[in-house]
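# Topology and contacts: notes
Listed here are the chains, written in short residue letters.
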Amino acid sequence: MKKLFSSILIFAISSTTVIADSDKDNGENRGKPTLPSPSNARWKQECGSCHLAFAPGLLPSASWRKIMDGLGEHFGTDAALTTQENGEITAFLVNNASTRWRAPSAPLRITETYGFKRKHHEIAPTLWKRPAIKSPANCAACHTGADQGDFEEHRVRIPR
Ligand code: HEC
Ligand code: HEC
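A short tour of the structure in this document, coming up. (Residues numbered from 1 in each chain as written. Chains lettered and ligands numbered in written order. Predicted model: local features only at pLDDT ≥ 70, side-chain atom pairs only at ≥ 80, totals over all residues. Heavy atoms only, no water.)

Inspection of the region around ligand 1 gives 22 residues, with Cys-47, Cys-50, His-51, His-74 and Arg-109 positioned closest. In this structure, Arg-109 approaches ligand 1 through a side-chain N or O atom, which is 2.6 Å from an oxygen atom. Where the shell around ligand 1 is concerned, the elements lending two or more residues are helix 2 (41-47) and helix 3 (61-69). Tallying contributions element by element places helix 3 first for the shell around ligand 1, with three residues. Per-class residue counts for the shell around ligand 1 are 13 nonpolar, six polar and three charged. (Near = heavy atom within 4 Å. Polar contact = N/O pair within 3.5 Å; in protein donor to acceptor, adjacent residues only side chain to side chain. Helix = DSSP H or I, 4+ residues; strand = E, 2+ residues; numbered from the N terminus. Nonpolar A, V, L, I, M, F, W, Y, C, P; charged D, E, K, R; others polar.)

Quick look at the coordination of the iron atom of ligand 2 now. In the first shell of the iron atom of ligand 2, the protein supplies His-120 (NE2) and His-143 (NE2), at 1.9 to 2.0 Å from the metal. For the iron atom of ligand 2, the six donor atoms in the first shell make angles of 89 to 179° at the metal, a pattern classed as octahedral. Of this pair, His-120 sits in the loop between helix 5 (114-119) and helix 6 (125-128) while His-143 sits in the segment after helix 6, placing them 23 residues apart in sequence. The pair His-120 / His-143 is uniform in exposure class, with both members buried. (Donors = N, O, S within 2.8 Å, 3.2 Å for Na, K, Ca; no water. Tetrahedral: all angles 85-135°; square planar, octahedral: opposite > 155°, others 65-115°. Buried < 20%, exposed > 50% of the residue type's maximum accessible area, 1.4 Å probe, protein only.)

The next subject is the environment of Trp-101. With respect to the helices, strands and loops of the structure, Trp-101 is situated in the loop between helix 4 (83-95) and helix 5. Since its relative accessible area comes to 11%, Trp-101 is described here as buried. When the C-alpha atoms of Trp-101 and Leu-59 are compared, they prove to be 7.9 Å apart, with 42 residues separating the residues in sequence.

Moving on, we come to the site of ligand 2. What surrounds ligand 2 is a group of 20 residues, the closest being His-120, Cys-139, Cys-142, His-143 and Phe-151. A distance of 2.8 Å separates a nitrogen atom of ligand 2 from a polar atom in the side chain of His-120. Between ligand 2 and Glu-153 there is a distance of 3.3 Å, counted from an oxygen atom to a backbone nitrogen or oxygen. Those elements giving two or more residues to the shell around ligand 2 turn out to be helix 5 and helix 6. For the shell around ligand 2, the class distribution of residues is twelve nonpolar, four polar and four charged.

On to unusual backbone geometry. Its identity is not glycine, yet Phe-75 carries a phi of approximately 50°, on the positive side. Within the secondary structure layout, Phe-75 lies in the loop between helix 3 and helix 4.

Topologically, His-74 is positioned in the loop between helix 3 and helix 4. The buried category is assigned to His-74, whose relative accessible area is 15%.

It is possible for side chains bearing opposite charge to pair when their charged atoms get close. Taken as a whole, this structure holds three salt bridges when the rule is applied. Close ionic contact of Arg-42 with Glu-88 constitutes a salt bridge, the shortest N to O distance being 2.8 Å. With Arg-42 in helix 2 and Glu-88 in helix 4, this pair connects stretches of sequence that are 46 residues apart. A relative accessible area of 27% places Arg-42 in the partly exposed class. For Glu-88, a relative accessible area of 30% translates into the label partly exposed. Bridged by salt links that share partners, the residues Arg-42, Glu-85 and Glu-88 form one connected network. (Salt bridge = Lys/Arg side-chain N within 4 Å of Asp/Glu carboxyl O.)

The values reported here are purely geometric and, on their own, carry no functional implication.
Quick look at the structure:
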């Protein structure tokens, strides 16, 4: 009887943890991009030349608008485009942006979002600095399907 009681108690505790966990979600938990992740030739070429072309479903539309409005000073580089190119890529990103975002925030970095930090909380700060990784923004170093917008756990391989 005592044993039964304690397993009921454990169940009760773990289910409240789950509820408390989603309460802590501040609305920046956009989940994963929908698969197959949409693509656009110009986006792939322009936004994939310096780093991975980040799947549009990773940020809300307000973030993409801010990023596309500030390409002249983009994280210390100049990534400016012609008005036509900018218009085409902005439309692609905004039309395929995260629809699960409930927070009023519009971060410029995926890596600074609550959802990102939460999904990677087990990764030690020193690991991000490994030569084969260099930056948390280097998704493809660990997510072997990142270029198709696939961030499923089973496709993660952490390089040594
Ligand atoms: C000239 C090089 C260059 C081009 C072109 C470029 N970027 Fe970047 N981008 C950078 C650099 C550098 C960073 C910072 C990377 C880091 O912190 O590791 C960055 C970071 C980002 C981040 C934030 C990553 C994070 O930390 O979550 C986003 C989002 C982003 N770029 C979107 C875009 C989009 C959209 C385009 C196409 C319109 C684009 N970039 C084109 C150089 C570029
Ligand atoms: C150092 C390696 C590493 C880098 C770099 C990295 N991730 Fe991850 N990511 C992981 C690991 C490990 C997990 C699985 C955590 C777990 O076991 O729950 C994960 C989980 C995720 C998940 C949740 C997957 C699921 O099935 O629920 C998403 C989404 C994700 N990462 C997106 C990104 C994005 C976007 C970037 C780049 C901006 C990135 N990650 C960069 C290692 C990394």
